[in-house]
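This is what each chain is made of:
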Amino acid sequence: MEQHSGYHEKTLPADLSAPAFVNGWRSRALIIGAVFSIIGVILGFLANDGWAHFLRAWLLGFMISFGFCCGGMALLMTQYLSGGKWGLLVRRPLEAMTRTLPLVFLYFLPVGIFGVSLKKLYLWAQYPDTENALKNHLINATQAHSIHFKKPLLNPVTFWEVSIFIFASWALYTFLLNRWSLQRDADSQPNVFYWQKRFENLSGFGVVFYSITLTAAAIYWVMSLDPTWYSTVYGLQFLVGQAYGVLALVILTLIGLSSAQPIKTIFRVTEQHDLGKLCLAFTMLNIYLAFAAFLIIWSGNSPEEIPWYLDRIRGGWGVIATLDFVFHWLLPFTLLLSRDLKRIKRKLVVVCCIMIFARCWDMFWLIEPNFKDAARNLHFSIGILEYIFVPTGLIAFWMANYFSQLKTRPLVATNDPHVAEILEPEHAHA
Amino acid sequence: MATKNQPLNDPMLDPITGEDRVIAPGHTFKSVTEKISRIVLTSHTPIGWFGGLLLAGGGVSMLLVAVSWLFLKGVGIWAITQPVAWGFAIINFVWWIGIGHAGTLISAILLLFKQSWRNSINRFAEAMTIFAVVCAGMFPLIHVGRPWLGYWLFPYPNSMNVWPQFRSPLLWDVFAVSTYATISVVFWYIGLIPDLGTLRDRSQSKIAQFAYGWLALGWRGSVRHWVRYETASLLLAGLATPLVLSVHTVISFDFAVALLPGWHTTIFPPYFVAGAVYSGFAMVITLAVPIRKFYHLEDVITIRHIENMGKVMLTTGLIVAYGYAMEVFMSYWYSASHWEYFMMWNRMFGPMGWSYWVLVTCNIALPQLMWFRAFRRNVPLMFIMSFIINTGMWFERFVIVVTSLYRDYLPSSWGTYRATRWDYATFAGTLGLFTFLFFLFVRFLPMIPMSELRILLPQAKIHAEGEPLPEAGD
Amino acid sequence: MPIQEGTYGLLAEFDTPSELVRAAQSAYDSGYRRMDCYTPYPVEEAAAAIGFHRDNVSLLCLLGGLLGLVAMFSLETWISVWAYPLNIAGRPYYSWPAFVVPAYEWTILFAGLSAAFGMLALNGLPQVYHPLFNSVNFRNGATSDKFFLCLESTDPKFDVAESRVFLEGFKPVSVVEVEY
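In this report, we go over the structure that sits alongside the text. On a predicted model such as this, the values are computed, not experimentally measured, just so you know. (Residues numbered from 1 in each chain as written. Chains lettered and ligands numbered in written order. Predicted model: local features only at pLDDT ≥ 70, side-chain atom pairs only at ≥ 80, totals over all residues. Heavy atoms only, no water.)

Observations concerning unusual backbone geometry
Part 1 of the reasoning: A cis geometry characterises the amide bond from Q261 of chain A onward to P262 of chain A, with omega recorded as 0°.
Part 2 of the reasoning: Within the element layout of this structure, P262 of chain A appears in the loop between α11 (234-257) and α12 (263-266).
Part 3 of the reasoning: Here the residue pair L125 of chain C and P126 of chain C is connected by a cis peptide bond, since its omega of -5° sits within 30 degrees of zero.
Part 4 of the reasoning: The phi angle at W51 of chain A is positive, at roughly 60°, despite the residue not being glycine.
Part 5 of the reasoning: In this structure, W51 of chain A sits in the loop between α2 (21-47) and α3 (52-82).
Part 6 of the reasoning: Residue classification places W51 of chain A among the partly exposed positions, given a relative accessible area of 31%. (Helix = DSSP H or I, 4+ residues; strand = E, 2+ residues; numbered from the N terminus. Buried < 20%, exposed > 50% of the residue type's maximum accessible area, 1.4 Å probe, protein only.)

Right, dumping it as structure tokens:
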């Protein structure tokens, strides 16, 4: 029988660097990025809407890339705190994600410059003079009241200050997490305990800090597109959504890398199964927060809140919302429920792709109906096509950057007690 | 905190990971079985147990008196009136059911995450769940005024030709809590079966053999049975996890679907769940510390358990704090709504503002001490902390219920709330009932799952042929 | 059911799980099928060794869950739309968002009960009599610290003398013949 011969422990391969085919992934990502961005720009010219849709689509691409990068950082810190063998596997890919922060900041700049400073995206940036805007019927009374009341927060100066501050603090965290990780590997075995505590101390506060700053970012960058609406669970939804996307991406990465050393040796079915279970957990958590918020607002049916949902359900948007539910929950959930599926690489890949696609779809549903021309009125325009090309281009370039980062370090962190465990043979049952 | 020079020869530390052991070294299958089953099977019941039972019995008597008087006189003996129509009954209901959640969480989520340290505390944490649900379930029932008609809550064909109204969260509660109680009992009992088999086989008295024999259903430890048993346990754990989430979520809906400032907010579901887990873990510590001392169980409820529970409490406490912060930020200011603003102002600085600050102190400020490793590893301090947190969590519900209700929209209909002695007597009575049931449990059932403890022993590792076998049992 | 008489099987006792797994594996490899291992805690390797890999508890659980979901959702819809329609704050009779909650609870309730009772039923429990309990060492050890392998007499390969020799080859603590 298998498990008898399998009792012998495996050894870690000598070369821990990423296999050569990662270069191929990168070239492919670059080509896709180039083609899609060029088409995106052409569509921007054709759309003739003052680059409005281009910028909205850019925001979508930015939010997704940002979710991978900083969500990766949050998950990295979480695994330092929670422990577990799966943490060892995902550590280096997550670190590679965090190191894309400069690119993500670059993606942010157009949102800040064009969206806020040049007033192209955010209603509150567009009409700081609420009285006149109201008189000229550019905004309604609710919007005028909200923009006026929230001015201390929703103004270009504070927007830039907060955004720069949070980017800077995340950069600091990225720097420390990456630097210490290499130092830890260079250190000797008996000091593992010391390093564990050090990472725990950094991550403990880091996760708390990240939750707060992400909430601020989510409110600023997405929620404030509609300055009248608010929901207290919004930041938490982004936190869970990011983990959902990052888990899918990290599984894709590991499965992709598992055809060659060193991941081939250490990526056991047990851990793959565990990661699949984590995906299932986050799929549940995600729908839980979304549905609970919807049920509360639906039951309340108050004119202050319900328009946000009506904007996203009526006028054809119901189709998008229903498909959002299908992609985000129904498909991944029913598929991940199967024990076998989580253990078969080829099938798990499909689920992960659906999950990442669902994140983009959801972001589209969150962003586009904020705008007057689209709310309760889903209609075709050339501009809407940009939601396909611009984000794909941005995400593809981000992926290229991620793959290059993956190449820069050994794929396995070696100075960890879990290394020995992960080289052990598996149980027949898990 | 972290030092580079860790003592490596400490027997309570794992030599590889440097973490504290879950179970002290030197134990064998036999000694573990012996240690746990002796507590139940002994014929010498410790005198302290009788003392404790008597004390708790006093509480139960008080509860009986309070509830009898309530049935005689009606809910008017409580302080509930307009505008605060939901007083202690709902506060205690939410508080108790929240406490119960840690039990399910320890047995379910930690099982799914393969956190083996849970194995020694899950049994009594589950028992705690069931007893907490008993206490919790009582409150809505006695609050309905005519509890003998409580069955009207269920949808059943009846001669009045009426049916329940499914758009009300109070009805959702009926289904959530009844499902929760049922699944908790089933999960607990399934977990007990192998240990009941052990007790059946080890007991000397005929009565015990007969009782445990029936309860064990003929369990004989076949590995085929074990495989199905493990699957069923994992499935129940997998089901109990979303169940726990849903139960406290539904309870949060009782408030959140209403259009009342202070109640109607979307963060309620996750932060109610986190708060429930928070207070539940505190209650586990409140129970575990005296038990491990009294029954000398330091070997199996180690400092690792206390520390890990401290970490869970810190995490959930921070989620709760995040919830408060979002509420304050959104209500007080970002909502741009006068009613929301006034509610939050009144909650913090109104006549009952003191209760808000008690909650902030107990739930947010003091628990930050748990950031320190030394604090988490100090058993007496953690014991005190567990009381602080449960006080804070009780006040959280008090703040949510009372301070949102007593001054809502129209100043002409404002009122206040002052609990009566019957409110206090009922609450204290349920504390007695909880303790009473717990005393019975530790005496008659194994409070630590023996079968799961055996898995943690080094002897349980399967060795390949040719490898030297470890020393067999003593 | 006719009263069964004679030998139920041969019961070998071991001190460690490793010895048990090895013995079970060899027994399976040499053609024994009707046998079982008895352990004081779950030993997955032993189940795998005697060729028991899959169980149907998950399937029962899934079916139970679906039943609960459909039952409650239909009940709510029927009550709210046809049997007893009420206007509650202007919400539609068919208020599906509200119906999700009890339907969800019943999904879990039915799934959980199916898993628990399904497991017991598949295991043939409760069972008031089992011949193995006639053996003293089984009673004393099976649920605390000993590991047993039982070759059952219904196996075509079973022979009291030969099987005993076979079992003794693994150096067990004892080999006992168990009567019905």
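That shown, we press on.
Quick word on the pairing of strand β2 (residues 35-38) of chain C
A regular strand places its side chains so that they alternate between the two faces of the sheet.
Residue and element names in this part refer to chain C.
Part 1 of the reasoning: Residues M35 and C37 point to one face of β2 and D36 and Y38 to the other, with burial holding for every one of them.
Part 2 of the reasoning: Bridge count for β2 against strand β3 (residues 147-152) is 4 bridges, and the pairing is antiparallel. Bridge pairing in β3 places C37 opposite L149. (Pairing = 2+ DSSP bridges.)

A word on the interface of chain B and chain C
Part 1 of the reasoning: Chain B puts 62 residues into the contact, and the matching count from chain C is 73 residues.
Part 2 of the reasoning: Here chain B packs against chain C, burying approximately 6,000 Å² in sum over the two surfaces, 69% of which is carbon and sulfur.
Part 3 of the reasoning: When the area that chain B buries against chain C is broken down by residue, the three leading residues are R167, R220 and R228 of chain B, summing to 15%.
Part 4 of the reasoning: Put simply, chain B and chain C have 1 salt bridge between them.
Part 5 of the reasoning: Joining chain B to chain C, the criterion identifies 21 residue pairs in polar contact (both at pLDDT 80 or more).
Part 6 of the reasoning: Taken together, the elements giving at least two residues each to the side of chain B that touches chain C come down to α1 (29-41), α5 (169-202), α7 (223-256) and α15 (450-456) of chain B.
Part 7 of the reasoning: Looking at the side of chain B that touches chain C, the element that brings in the most residues is α7 of chain B, giving 18 residues.
Part 8 of the reasoning: A per-class count over the side of chain B that touches chain C returns 34 nonpolar, 16 polar and 12 charged. (Contact = heavy atoms within 4.5 Å. Buried area = accessible area lost by both parts, 1.4 Å probe. Salt bridge = Lys/Arg side-chain N within 4 Å of Asp/Glu carboxyl O. Polar contact = N/O pair within 3.5 Å; in protein donor to acceptor, adjacent residues only side chain to side chain. Nonpolar A, V, L, I, M, F, W, Y, C, P; charged D, E, K, R; others polar.)

In short, the description is geometric, and any link to function would need to be established separately.
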